[in-house]
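As a plain string of letters, each chain reads:
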Amino acid sequence: MFKTQLSALFAIIKREFYFVVNDKSISSILLIAPLFFGIFYGTVYINKGEQDVPVAVLNLDNTQYSRDYIRAIDATEVVEIVKEIENYSAIEELIQSGEIQAAVVIPKNFYLSLTQGEKASVKLYLNNLRFLSSNDINKAVTSVNLEAIKQLRLEMFKQKGYTSGEAEILAEPIALGVHTLFNSSETYGDFLLPGMLILILQQTLLIAMAQSIAKEKEQGSLKELWRTSGYSSLMALTGKGIFYLIISLCYAVFYYGFLFAILDVPLVGSPLLLLGITTVFLMATISLGFLMSSLFRRKLHALQLMAFSTYVFFFLSGYSWPNEGLPVILKYLSQVFPLTPFLKIYISVVSMGGEIAHITDGLIHLIILFFILSTLAYTRLRYLFLSEAQ
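Here is what the cut-offs are and how they apply
Residues numbered from 1 in each chain as written. Predicted model: local features only at pLDDT ≥ 70, side-chain atom pairs only at ≥ 80, totals over all residues. Heavy atoms only, no water. Salt bridge = Lys/Arg side-chain N within 4 Å of Asp/Glu carboxyl O. Helix = DSSP H or I, 4+ residues; strand = E, 2+ residues; numbered from the N terminus. Buried < 20%, exposed > 50% of the residue type's maximum accessible area, 1.4 Å probe, protein only. Phe/Tyr/Trp six-rings, centres within 6.5 Å; stacked < 30°, edge-to-face > 60°. Lys NZ or Arg CZ within 6 Å of the ring centre and 35° of its normal. Pairing = 2+ DSSP bridges. Axes fitted to C-alpha atoms, helices over the stretch in contact; angles between N-to-C directions. Contact = heavy atoms within 4.5 Å. Core = buried A, V, L, I, M, F, W, Y, C linked by side-chain atoms within 4.5 Å. Arc of directions from axis to C-beta.

**Section: the pattern of salt bridges**
Where charged atoms from two side chains of opposite charge come close, those side chains can pair. Per the stated rule, a full pass over the model turns up seven salt bridges. Note that Glu224 and Arg15 form a salt bridge whose closest N and O atoms lie 2.8 Å from each other. Placement of the pair is Glu224 in helix α9 (residues 222-228) and Arg15 in helix α1 (residues 2-21), with a sequence separation of 209 residues. Since its relative accessible area comes to 32%, Glu224 is described here as partly exposed. Residue Arg71 pairs with Asp68 through a salt bridge whose shortest N-O separation is 2.3 Å. With a gap of three residues between them, Arg71 and Asp68 both fall in helix α3 (residues 64-74), about one helical turn apart.

And the structure:
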C-alpha cells in the first residue's frame, strides 16, 4: 500500500514537471520570473539610499560664516548644493522643474544675530512629494544646525573664562545618544528589499499555480490527474504541492544565500530558522494557490487576476503601511493571507536577529492558516475531481 502511494506521489511530481516545462507561459513564470525580477528589482535598490540630492541655497547674509555653513551642509552625504539663487521666486520654479529637491535660505544678518545672542531663522523649503529625500535633507540640515549652535555656544562660554571641558558641558548640557538597533544604515533599500523578494517569490508561485490548474480545466485533464493519483484527492494535492514547494524553496535559498550577499542585505538571524519559517509560509501559500486557482477556467483570466492581486497582498501585508492604520475590515481581512504574519516573523529573523521565542505567535498564526487553507483546498479539489468524473 505504501509503495503504491509513494509511486503515485512520484508520478504526480513527474507529471507536473513535464506539464510545466512543456508550457512556455507557466515555465517562464515559475522558473525564470523569480530569477529575473529578483535580480532586476534588487539592482534598482542596490544603492539603498539617496546620495547627493540636488539642493539650492539663497544666501542673504553672504558672510564667511554663512559660506562655511553652506559648505557644512554640502559636505553631508545626502545633500549636494548645486545652485546659488538670488531670490525667493526661483525656489518653487526650480523644485517644480525637478532641478532641485529643496532650498536653504539663510537670512540677512545671520552671523551678526548669532554673535549677539539673537534668534536667526534658517528656512528650508522641501519637495515633500519625494518624502524620503525630504526627510533625509531635513535630517542633514538639522544635524548641521545643531553642530553650529553647539560650536557658537562653546566659543561664547570660552570667552567668558570657562575651561574647554566646562564650556563643552555648558554648550551641550543634554547629550542625546541615538543608538540604531536595526537597519543601522538607515536606508530604504535595507527596509524594502527583503520584503520585496518575498513578494516576488509568492506572486510568481501563485500565478504559475493558477495557470497550471486553469490549463488542467481547459484541457479537461483533471480526470487524468485524478487517475494518476490513484483517485486520491489528497495525493494529487500533495504531489502537485511538493513540486511547487521544491521549486520555491530553491529560489528562497538562492535569494537568502546569493542575492542577499550581492545586494548587501544583512541576514542577522539564523539561516536555518529562516528556511524553516519560509517552508511553512510556502506550504500555506501553495494551499492558498490551490484554493484561488480552482476558481479560474482560463489561463488568461488566471494571469490577469493573479497579477493584479500583487498590490492587494502587498498593501494588506502591513509592510508598506502599518496594519494599525488600515480600516478595521481590511485589518482583519489581512490576517487571512499567509504573507501578513510571515512578513512580521521574517523581518524579525532577517533584520532583527529574532529567535523562535520572538516569533512564536506569528508562526502559530501561519501554521493555523496552513491547516485551514489546505483543508479548503482539498475540499475544493475533491469537488472538481468528482465533477469531472460525472
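Next comes the rest of the write-up.
**Side note on the packing of aromatic side chains**
The description of an aromatic ring pair rests on the distance of the ring centres and on the angle between the ring planes. Inspection of every chain in the model, using the stated rule, returns 19 aromatic pairs. Ring plane angle 10° and centroid distance 4.2 Å describe the contact between Phe281 and Phe342, whose orientation is recorded as stacked. You can see Phe281 sitting in helix α11 (residues 271-293) and its partner Phe342 sitting in helix α14 (residues 339-352), a full 61 residues away along the chain. The class for Phe281 is buried, based on a relative accessible area of 0%. On the basis of relative accessible area, Phe342 is assigned to the buried category, the value being 0%. Members of the aromatic cluster, joined through ring pairs, are Tyr256, Phe260, Phe281, Phe342 and Tyr346. Geometry around Phe19 places Arg15 over its ring, the cationic atom sitting 5.4 Å from the centre.

**Let's talk about the sheet that holds strand β3 (residues 102-106)**
Taken together, four strands build an open sheet; the order of strands is β2-β1-β3-β4 and the sheet is mixed. Looking along the sheet, the strands with just one partner apiece sit at the ends: β2 (79-84) and β4 (123-126). Sheet twist, expressed as the mean angle between neighbouring strand axes with direction ignored, is 30°. Pairing geometry for β3 and β4, over four bridges, is antiparallel. Residue pairing for β4: Val105 is matched across the bridge by Lys123. Against the sheet, helix α4 (residues 89-97) makes contact with β2, β3 and β4, and its axis sits at roughly 165° relative to β3, the strand it touches most.

**With respect to the nonpolar core**
In this structure, Ile198, Tyr244, Tyr256, Ile277, Phe342 and Tyr346 are the most contacted members of the largest nonpolar core, which totals 79 residues. Here this core gets 16 residues from one element, more than from any other, and that element is helix α8 (residues 188-219). Setting aside residues up to four positions removed in sequence, Ile198 forms contacts with Tyr256, Phe281, Leu339, Phe342, Leu343 and Tyr346. If you look at the next biggest cluster of nonpolar residues, it comprises 18 residues, including Tyr69, Ile73, Val104 and Ala140.

**Digging into α4**
The set of residues buried in α4 consists of Ala90, Ile91, Leu94 and Ile95. Buried residues of α4, viewed axially, fall in a sector of 125°; they line one side. Those residues of α4 that are exposed and angled more than 90 degrees off the buried face are Ser89, Glu92, Glu93, Gln96 and Ser97. Buried positions along α4 lie against β2, β3 and β4. Note on α4: the residue one or two positions beyond its end, Gly98, has a positive phi of about 85°.

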